[in-house]
Amino acid sequence: MKKRLGNFAVIGDPVEHSLSPKIHNLFAKQHGNQIEYEKIRVAKGLFVAFVEDFFSNRGAGLNITLPLKAEAFEIADTLDEDSKSCQAVNTLKPVNGKLSGFNTDGVGFLTDLEAWHGIAVKDKRILLLGSGGAAKGIVRPLLSREPKTLVIANRTHASARALADQLNSENFIGIEGLGLDDTQLMKKRFDIIINATSAGHKNSEMPIDENFLEDAICYDLSYGPAASFFRWAESSGAKRSIDGLGMLIEQAAKSYEIWTGFSPNTESVRARIRNDLGI
Ligand code: NDP
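Residues numbered from 1 in each chain as written. Predicted model: local features only at pLDDT ≥ 70, side-chain atom pairs only at ≥ 80, totals over all residues. Heavy atoms only, no water.

(A) Geometry of the pattern of salt bridges. One pass over the full model with this rule turns up 15 salt bridges. The shortest N-O distance in the salt bridge between Arg-125 and Asp-191 comes to 2.9 Å. Here the residue Arg-125 occupies a position in strand β7 (residues 125-129), and Asp-191 occupies one in the loop between α8 (183-186) and β10 (192-195), the gap between them amounting to 66 residues. Note that Glu-250 is salt-bridged to Arg-270, the shortest N-O span being 2.8 Å. Taken together, the residues span a long stretch of sequence, with Glu-250 in helix α10 (residues 245-260) and Arg-270 in helix α11 (residues 267-277) at a distance of 20 residues. Arg-270 sits in the buried class, given a relative accessible area of 12%. It is possible to trace a salt-bridge network through shared partners that takes in Lys-22, Arg-272 and Asp-276. (Salt bridge = Lys/Arg side-chain N within 4 Å of Asp/Glu carboxyl O. Helix = DSSP H or I, 4+ residues; strand = E, 2+ residues; numbered from the N terminus. Buried < 20%, exposed > 50% of the residue type's maximum accessible area, 1.4 Å probe, protein only.)

(B) Region of interest: the environment of Lys-2. If you trace the backbone, Lys-2 turns up in the segment before β1 (4-12). Sequence-wise, Lys-2 and His-31 are 29 residues apart; in three dimensions their C-alpha atoms are separated by 9.1 Å. Beyond its immediate chain neighbours, meaning those up to four positions away, Lys-2 contacts Gly-32, Asn-33 and Gln-34. (Contact = heavy atoms within 4.5 Å.)

(C) Main features of unusual backbone geometry. Omega for the peptide link from Asp-13 to Pro-14 comes to 10 degrees, which places this bond in the cis form. Along the chain, Pro-14 falls in the loop between β1 and α1 (20-31). With a phi angle near 55 degrees, Gln-87 is a residue other than glycine that sits in the positive phi range. Within the fold, Gln-87 resides in the loop between α4 (81-86) and β5 (91-95). A positive phi is found at Asn-203, a non-glycine position, where the angle reads about 55 degrees. Summarising the element assignment, Asn-203 is placed in the loop between β10 and β11 (217-220).

So this is what it looks like as C-alpha cells:
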C-alpha cells in the first residue's frame, strides 16, 4: 500500500529552476510511495524561522541550496563527517526532535564520476576551478581518491590559497591555490579539470584557456543552460566533457536515502530527466 511520507522541500534563493521536486517525485514513485516536495524561496534572514515552522508541521526533510548551506550547518544539532569538513549542509532530517545535517554533494560527485563515467582519480593531475561552496563540498572526497596533484584555481586568488592552506593543514600535502590568471597555472597541464565556478550562470568568459583542454577530461558541476563550460570543453578539444546533471541526481538519491532508508536506482531517473530537458 502506498504511504504518504510527509512533506519535503528544497529551499534557497533563487530556487525557481530547481529540478529537485521532479527528481524526488520520481524516487518516491520507484519507492512505491507518495511525497509532497516543494521548492520554496527563503531569504537568509527568514531561514531559522522557516526551518522551525517547517519541521513542526509534518516536515520530513529539507534540501538546502545557495545561499543557505552555511546557515543550515549552523542550525543542525548533529552533523555527518562530510558536512563537518566543508561546514555546509545540503540535507536536513528531523530525528527525535533534533535536526541532523548532512552534505551529499561529495558522494553525488564521486558516484557520478566513478560509477557512471568510469573515471578514476588516483594518480591523476587535477585542476579544480573555483573555491566556493561546491568546490569545498567535493574537494575532500576527491582527495580521498589520492590524485597525483591538485591545483585549486580561483578568480579571487586569496580564497583558492586559503582553501589550499586549510587542506594542507589537514592530512593532505602539496595542494596549490592559484589565481586563474597566475603565470604558474599557465605552465601546468592536467588530466582532469573540474569546473566548480558559477561563471556559467552569468554568461561570463571561460575561466581557463583552450590550451588546457588537450587530453583532459572536463567535468562541469553546472548543468542545463548554465553548463557553458561543459559545452565549450566538448566543442573545443577536451578528451571528454561531462555536465553536472548526473551529480545532481546522485546527491539527491543520497538525500532520499537519508530521509527514507530507500536507496533509489538512479538509472531510469537520469534518463528521464535528460529526456525531459532535451539534453
Ligand atoms: P559559490 O557562490 O559558493 O561559489 C562560486 C565560485 O565561482 C567562486 O569560486 C567564484 O569565485 C567563482 N566565480 C563566480 N563567477 C565567476 C566568473 N565570472 N569567473 C570565474 N569564476 C567565477 O557557488 P557554489 O560553489 O555553490 O556553486 C558553483 C557551481 O556549482 C554553480 O554553478 C552550481 O550550480 C554548481 N553546483 C552543482 C551541483 C550539482 O549537484 N551538480 C551541486 C552544487 C553546486 P570568487 O571567489 O572569485 O567569487
